[in-house]
Amino acid sequence: MKPIHLNLAARPFRDYRPVYAAVVIMALLTAFLALNNVDTFLRYRTETKTTRANIAKLEQQIADEQRRTESFAQRLRGVDLKLLASQTEFANAQLAERAFSWSELLDRLERVLPTDVRLLSVAPSFEKDGLVHLSMTCIAKTGEGLTATINRFNGDQHFANAFPASETLNGTEYHITLGVDYRPSIARRVE
Amino acid sequence: MIWREKRVLLIVLGLLLLANTLFFFTYRVQYVSRLQDLDARQEQAEAQLDQARNARVTAEQQLAAYKKVQADLQVLYNERWSTPMQRLTALIDEVKRLAAASHLQPPSYSFTTGESKQVSTVPSTKGSVGTTTVGIAFTVQGTYEQVRRLINLLELSDQFVIIDAISLGANGTATDKVLTLNIRLKTLFKDVRTTAPAANRQL
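Scope of this entry: the structure provided in the associated data block.

Analysis parameters
- Residues numbered from 1 in each chain as written.
- Chains lettered and ligands numbered in written order.
- Predicted model: local features only at pLDDT ≥ 70, side-chain atom pairs only at ≥ 80, totals over all residues.
- Heavy atoms only, no water.
- Salt bridge = Lys/Arg side-chain N within 4 Å of Asp/Glu carboxyl O.
- Buried < 20%, exposed > 50% of the residue type's maximum accessible area, 1.4 Å probe, protein only.
- Helix = DSSP H or I, 4+ residues; strand = E, 2+ residues; numbered from the N terminus.
- 1 Å grid on protein atoms, 1.4 Å probe; cavity = no way out; pocket = protein on both sides within 12 Å on 5 of 7 lines; lining within 4 Å.
- Points joined across faces, edges and corners; volume = space filled by probe spheres on them.
- Nonpolar A, V, L, I, M, F, W, Y, C, P; charged D, E, K, R; others polar.

## Regarding the pattern of salt bridges
- In total, this model carries 14 salt bridges over all chains according to the counting rule given.
- Residues Asp15(A) and Arg17(A) are paired through a salt bridge, measuring 3.1 Å at the closest nitrogen-oxygen approach.
- The partly exposed category is assigned to Asp15(A), whose relative accessible area is 33%.
- Using a relative accessible area of 63% as the deciding quantity, one classes Arg17(A) as exposed.
- Two residues, Glu97(A) and Lys186(B), come together in a salt bridge whose shortest N-O distance is 3.1 Å. Here Glu97(A) is found in helix α2 (residues 81–99), whereas its partner Lys186(B) is found in strand β4 (residues 178–190) on a different chain. Take Glu97(A) and Lys186(B): they sit in the same class, and that class is buried.

Right under this line is the structure:
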């Protein structure tokens with residue numbers, strides 16, 4: 001017996017399930033990526049906004065610093081540095097001379113000079129290294145006065161480089177001129 | 001057949017998916033790169049700021065140091081050294097007072113004046129240092145103790161007086177202990193003829 005095929009459908013039957021499956025998968029993937037992209041974009045905007053603001057702030061600060069530096073440099077250019085250095089050097093030299101203690105020097109000379117040698121004159125000149133060069137004239141009673149004086153200077157830590165300039169016999173006395181470096185307790189460097 | 005019927009939807013979805021995929025990968029890569037660039041720029045700007053700040057601090061300290069030197073010089077020139085009109089008579093009185101306090105009586109005083117000279121190490125310095133040097137020389141006779149007392153009093157004086165040189169000589173016999181002291185003092189005055197020193201110029 002031959003079966004009867006009844007087809008009551010208005011349209012031909014199509015199986016769309018693969019299409020819908022593909023559409024659903026594509027839509028899900030798109031939605032996932034879109035959300036991720038939006039998140040990335042917003043995060044980027046936020047983070048770069050902060051960094052850009054920081055950079056702008058830093059650049060502003062750099063410009064401020066440079067402007068202030070230029071202002072200081074301009075004021076420095078107005079200073080007569082050579083005259084200032086010259087006056088400072090001169091003032092330091094004068095202060096060093098003022099600070100020089102003659103009392104201490106005379107105390108030390110009293111101790112260091114031999115008993116038969118008498119100081120006649122002394123004039124200091126101030127060196128840059130803090131030493132004071134003394135030009136001295138002394139009177140010795142004997143001919144050994146010069147060598148004895150130099151030896152006594154060499155044996156004292158406050159004196160150095162004693163060197164004679166002249167020795168003259170004047171009657172019974174010997175006039176000695178010599179130079180010696182003297183180191184005061186408080187040495188002031190002349191700068 | 002079924003794909004063709006839904007092709008519009010599929011194409012639209014496909015395009016959206018493609019666009020999102022492209023955006024996802026490319027934007028992600030550029031995002032990191034841009035962030036790194038920005039970080040690098042920020043670090044560079046920070047380094048530049050440090051550099052600029054150091055330069056400013058150096059210039060500021062240099063200026064402050066010059067200001068201090070100028071202020072110190074100004075005090076020295078204007079107050080310690082001052083002008084002859086303001087300080088000379090007081091200085092002479094002081095020297096006489098100290099000699100009297102040492103029981104010494106100088107029979108005469110000699111005074112000299114001249115522009116202060118300086119052996120300068122500063123290259124090509126022109127002009128004077130703006131001071132006048134006044135010298136006072138006198139001779140006194142007295143015992144060694146009196147001489148030492150005078151020297152000590154001169155050292156302790158508030159006046160800016162420098163003992164430039166001294167010379168001693170024995171007087172009479174060795175038993176009378178009387179010495180002759182030649183003493184040369186000097187002091188400095190601000191030079192009123194020249195223009196004000198650098199110390200007086202404001203930065």
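## Remarks on empty space enclosed by the protein
- Considering all chains together, one arrives at two cavities of 30 Å³ or more under this definition.
- There is about 30 Å³ of room inside the second largest cavity.
- Together, Glu97(A), Arg98(A), Phe100(A), Trp102(A), Glu155(B), Val161(B) and Ile163(B) line the second largest cavity.
- Looking at the lining of the second largest cavity residue by residue, the class counts come to four nonpolar, no polar and three charged.

Note that every value here comes from positions in space, so none of it alone points to a role or purpose.
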